[in-house]
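Survey of secondary and tertiary structure
If you want the building blocks of each chain, they are given just below.
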Amino acid sequence: MNTATNAPSANPDISQCDREPIHIPGTIQPHGFLLLIDASELTVIGGAGALGDLFGIDWLGLPVTQLLGETVAKRLGETNRVSVSLGRVCGNRLDAIAHRADSHWLVELEPTDAPLEAADVLGWIDEVGMAFERAAGLIELCERAAASFRILTGYDRVMIYRFLDDDSGVVVAEDVVPGLESYLNHHFPASDIPKQARALYLRNRVRVIPDVFYVPAPITPASFAEVDLSDVQLRSVSPIHLQYLKNMGVAASASISIIKDGILWGLVACHHMSPRTIGAPKRQAAALIAAGLARQINAKEQAEDYRERLRVRADEDAIAARLASEVDPEELFRSASGDLRRMFEADAFAILHGDALHVDGACPDRSDIREIADWVRQQGPAPFHSASLSEDFAAADAYRELASGLLAITLSTKVPTVLMWFRAEERQVLEWAGNPHKAVNLRAGEQLSPRASFEAWTEVVRGRARPWSQAEIDAARRLMGRLYDARQNRRIRDLADDLNIAVADKDRLIAQQGVLLKEVNHRVQNSLQLVMAFLALQAKASGDPELSGHLGEAQRRLSAVALVHRRLYSDDDMQSVDLSRYLAELIEDLKGSMGSEWASRLSLDLAPITVAADDAVQVGLVLVELVINAQKYAYDGKAGPISIALERHRARFRLIVADKGRGKTGSRKGFGTRMLDAMVKRLDGVFEETDNVPGVRAILTAPIRLPRVLPGDQSSEELL
């Protein structure tokens, strides 16, 4: 079937999949056994699987020493890890691994697989690693990976599945037995792998379903049916996913996560047409190969990005030399337009300078270009880029064949100047494994069910152009600065008077703004100091230790708010902030209030990221709260190491605060937690706490947002 559309849409009912509690199925797959063990008493309090056949009908309530031996019991009692391998038990017939879940140990038991010779395995992994290194590009790397994983697992079909920006996926490489249907280059909608399933793929690097027709083994007693099985590999699978595999004709499957920089890049998806499993040794080998594959994917992507940046930088330097030699701006734009178009590999280029319009290449009509320029000027001072212009600017649908992609910069000068690069529409023919618009078929009164058809379904996507790379967007930002400098130097004689007036007006406004901001900041600081002094007096006057503790906690929170506020208002730029510098200075101030013993225990690794000042305040409050929590809880009040990292991943940033203390105990839901939730919500972000083994690793992930300038506002970058 063939159809044409502007963009794929998702059925809203599929959100039911995102709400399915797949981490608490209450059952396991029956090829193994599960024991629930009280961590303090080391006695069996529950389980799942044919435990009666394995240990006898009276297994419930027995001590671990009696079922699994003294060595296992000793290891469970002494370890401080959240997951620990227990080796072979029950007469070397079963492999055992334990996971800590609150006050319980969850012990998985699986039939022992044939051992792998260590020398042979390491040699083979080394050979695979060298093959990965020799791959010429990303696709060849994935093709070699698919072949290697099929050799290791023996499955009929092995696919390298990559997640795209919209959470849909595409099979970029495949190794399959002759005669079996191929899914190479097929796209799969985001609904095929719901959000909570992707989250579990980060925790469970290897997941196996030996037989999709299995009968789930329930957890007994029933009071433990809702125990969290997120880390248990035997965890029963969603019935929707099992039916999904059956609809594909698959009898057994395995998936290995490809995790790059802590983010799920893709999956190694394995299918078999008859029941099949892989034991613990092969799963460990698969995890090692997947980690090596992720490192090579990262290296290949970085190398590609580096080559792109070199190309753009070379063109940029040539343009800069050209700009310096020109005199008249209109002549400059006419003579350099071809070079400017080629710099960004655009199909067309246009410059609107006041009323003068110059075009190069196949552009939309001049009236349409002027309309685009007016709209772009309303989007703020930062370079605007889009690979689907008609989705952002509805009027562009009329000329999408010529201008589906737009990269534009606005020079906020006395004479408005807008530079626009256009990319023509590239009709994308996507081959889906089934119709993505019919991922579910839900009628009134029916339960959610997976799509049944995986027949190749072709879709022609209109209104899309080749995306602008990050290197090109960064180059546009640098070019904006170069053009500002070039035009200022070129026209300073003719526009000296106007420039002096503009600078004087701007200085007066800045001075007034600075005085006002300092006065506001001073009053806010004084108010905060008065409130903190009042709280201190109240705490001193109160004879209630609990009340004094609450008042002291309130003092510390207000002190943190004052610190964030003072640090922000010490910056000259009140619209955008270099988040790395802001956080580094904030931590330096915070060290003074934490005490000298903490000064050397805080380590920073901050990537430079520019964000809106409002967002910087929220991130600063989150950071201070996390550091205060680590200081308070991680080491029982004593000084200990705290690492702080700021990372960029495409259009998002991650703030990571990690300690090596005693780890998360209990569930704290005080003022600080509520404040954290509020800050994360304002950032449109996601917050999670994971085990740092030992300690706690707190991660805030949020979009990078820059301030927008309203129509008629003057950019802070205005020079002329």
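Residues numbered from 1 in each chain as written. Predicted model: local features only at pLDDT ≥ 70, side-chain atom pairs only at ≥ 80, totals over all residues. Heavy atoms only, no water.

1. Brief notes about the overall build of the protein chain
Secondary structure assignment for the protein chain yields 19 helices and 28 strands. Buried positions account for 47% of the 720 residues belonging to the protein chain. Long-range contacts, defined as pairs at least 24 residues apart, comprise 66% of the intrachain contacts of the protein chain with a sequence gap of at least 6. Taken as a whole, the protein chain presents about 35,000 Å² of accessible surface, with 52% of it coming from carbon and sulfur. (Helix = DSSP H or I, 4+ residues; strand = E, 2+ residues; numbered from the N terminus. Buried < 20%, exposed > 50% of the residue type's maximum accessible area, 1.4 Å probe, protein only. Contact = heavy atoms within 4.5 Å. Areas by Shrake-Rupley, 256 points an atom, 1.4 Å probe, with all protein chains shown as cover.)

2. Digging into the nonpolar core
Counting residues in hydrophobic clusters, the biggest one holds 40 residues, and the most contacted among them are L579, L583, L623, I644 and F653. Secondary structure elements with two or more residues in this core: helix 16 (579–594), helix 18 (613–634), strand 25 (642–649), strand 26 (652–659), helix 19 (671–682) and strand 28 (696–703). Among the elements that line this core, the one with the most residues is helix 18, at twelve residues. Ignoring any residue separated from it by four or fewer positions in sequence, one finds L579 in contact with I609, V611, A616, V619, L646 and F653. Grouped together as the second largest cluster of nonpolar side chains are 34 residues, Y155, I160, V268 and A290 included. (Core = buried A, V, L, I, M, F, W, Y, C linked by side-chain atoms within 4.5 Å.)

3. What about the pattern of salt bridges?
Going through the model one piece at a time under the given rule, you end up with 27 salt bridges. Here R466 and E345 are joined by a salt bridge, their closest N and O atoms 3.3 Å apart. Residue R466 is located in the loop between strand 21 (456–461) and helix 13 (470–491), and its partner E345 is located in the loop between helix 10 (329–343) and strand 15 (348–353); the two are separated by 121 residues in the primary sequence. You can call E345 partly exposed: its relative accessible area is 37%. (Salt bridge = Lys/Arg side-chain N within 4 Å of Asp/Glu carboxyl O.)

4. Quick look at the pairing of strand 3 (residues 33–38)
In regular strands, side chains alternate between the two faces of the sheet. The buried fraction of strand 3 is high, at six of six residues. Side chains F33, L35 and I37 project from strand 3 onto one buried face, and the interleaved L34, L36 and D38 project onto a second face that is buried too. Where strand 3 and strand 7 (residues 104–111) come together, six bridges link them in antiparallel fashion. Among the inter-strand pairings, L35 is bridged to a residue of strand 7, identified as V107. One ladder, built from four bridges, connects strand 3 with strand 4 (residues 44–48); its direction is antiparallel. Counted as the bridge partner of I37 is V44 from strand 4. (Pairing = 2+ DSSP bridges.)

5. Considering helix 11 (residues 366–377)
Taking 1.5 Å of rise per residue, twelve residues should cover 16 Å, and helix 11 covers 17 Å from first to last C-alpha, within 8% of that figure. Every buried residue of helix 11 is accounted for by D368, I369, I372, A373, W375 and V376. The buried residues of helix 11 all sit within an arc of 165° when viewed along its axis, so they share a single face. Elements that come into contact with the buried residues of helix 11 comprise strand 15, strand 16 (356–361), strand 17 (384–386), helix 12 (389–392), strand 18 (405–411) and strand 19 (417–423). (Expected span 1.5 Å × (residues − 1). Arc of directions from axis to C-beta.)

6. Re the pairing of strand 13 (residues 252–260)
Counting buried positions along strand 13 gives nine out of nine residues, so the element sits mostly inside the fold. Burial along strand 13 is two-sided: the residues A252, A254, I256, I258 and K260 and S253, S255, S257 and I259 are all buried. Pairing of strand 11 (residues 206–209) with strand 13, which is carried by four bridges, proceeds in the antiparallel orientation. When the sheet's bridge partners are listed, V206 is paired in strand 13 with I256. Pairing geometry for strand 13 and strand 14 (residues 263–272), over nine bridges, is antiparallel. Among the inter-strand pairings, S253 is bridged to a residue of strand 14, identified as H271. In sequence, strand 13 turns back onto strand 14 through a hairpin of two residues, with D261 there showing a positive phi of about 55°.

7. What to know about the sheet that holds strand 26
Taken together, five strands build an open sheet; the order of strands is 23-25-26-28-27 and the sheet is mixed. The sheet is open, and its two borders are formed by strand 23 (602–606) and strand 27 (686–691), each paired with just one other strand. The mean angle between the axes of side-by-side strands here comes to 15°, regardless of whether they run parallel or antiparallel. Where strand 27 meets strand 28, six bridges bridge the pair, whose relative direction is antiparallel. Bridging across to strand 28, T690 finds its partner in R697. Its contacts with the sheet place helix 16 against strand 23, strand 25 and strand 26, and it is angled at close to 175° to strand 23. Lying over the sheet, helix 18 contacts strand 23, strand 25, strand 26, strand 27 and strand 28, oriented at roughly 15° with respect to strand 26. (Axes fitted to C-alpha atoms, helices over the stretch in contact; angles between N-to-C directions.)

8. Section: the side chain of H271
Mapped onto the secondary structure, H271 falls in strand 14. For H271, a relative accessible area of 6% corresponds to the buried category. Filtering out sequence-adjacent residues up to four positions away, H271 remains in contact with Y155, D156, R157, M159, L245, M248, V250, A252 and S253.

9. Thoughts on the packing of aromatic side chains
Across all of its chains, the model carries eight aromatic pairs by this definition. Note on F344 and W421: the rings are 4.7 Å apart at their centroids and 65° apart in plane angle, and the pair reads as edge-to-face. Of this pair, F344 sits in the loop between helix 10 and strand 15 while W421 sits in strand 19, and the two are 77 residues apart along the sequence. Of the residues examined, F344 reaches a relative accessible area of 0% and is grouped as buried. When the centroid spacing of 4.9 Å and the interplanar angle of 20° are considered together, the rings of W375 and F393 count as stacked. Of the two residues, W375 is situated in helix 11 and F393 in the loop between helix 12 and strand 18; the sequence distance between them amounts to 18 residues. Accessibility expressed as a relative area gives 14% for W375, which makes it buried. Put simply, the rings of Y161, F163, Y183 and F188 pair up and form one aromatic cluster. Across the ring face of Y155, the terminal group of R276 is positioned such that the distance to the ring centre comes to 5.9 Å. Across from the ring centre of W468, 3.8 Å away, lies the NZ or CZ of R423, which sits over that ring. (Phe/Tyr/Trp six-rings, centres within 6.5 Å; stacked < 30°, edge-to-face > 60°. Lys NZ or Arg CZ within 6 Å of the ring centre and 35° of its normal.)

10. Let's talk about unusual backbone geometry
A cis amide bond, omega -5°, links T220 with the succeeding residue P221. Looking at where P221 falls in the secondary structure, it is placed in the loop between strand 12 (217–220) and helix 8 (239–247). Looking along the chain, the bond that leaves V693 and enters P694 is cis, with omega of -5°. Checked against the element boundaries, P694 lands in the loop between strand 27 and strand 28. Here the phi dihedral of R650 falls at roughly 55°; this positive angle occurs in a residue that is not glycine. Inspection of the secondary structure assignment puts R650 in the loop between strand 25 and strand 26. The class of R650 is exposed, set by a relative accessible area of 55%.

11. Side note on the confidence of the model for the protein chain
In the predicted model, the protein chain carries a mean pLDDT of 79, and 74% of its residues have values of at least 70. The model gives residues 439–449 a pLDDT under 50, and that stretch makes 19 contacts with residues more than four places away or in other chains. Contacts from residues 709–720, a stretch scored under 50 in pLDDT, to residues over four places away or in other chains number 23 contacts. (pLDDT = per-residue confidence, 0-100.)

12. Here we look at the sheet that holds strand 6 (residues 94–101)
What the seven strands build is an open sheet, ordered 2-12-4-3-7-6-5; its pairing is antiparallel. A strand with exactly one partner marks an edge of an open sheet, and here the two such strands are strand 2 (27–28) and strand 5 (83–89). In the sheet, strand 6 pairs with strand 7 via eight bridges, with the strands oriented antiparallel. Its bridge partner being in strand 7, L94 is matched across the sheet by P111. Contacting strand 3, strand 5, strand 6 and strand 7, helix 4 (residues 70–78) runs over the sheet at an angle of about 175° to strand 5.

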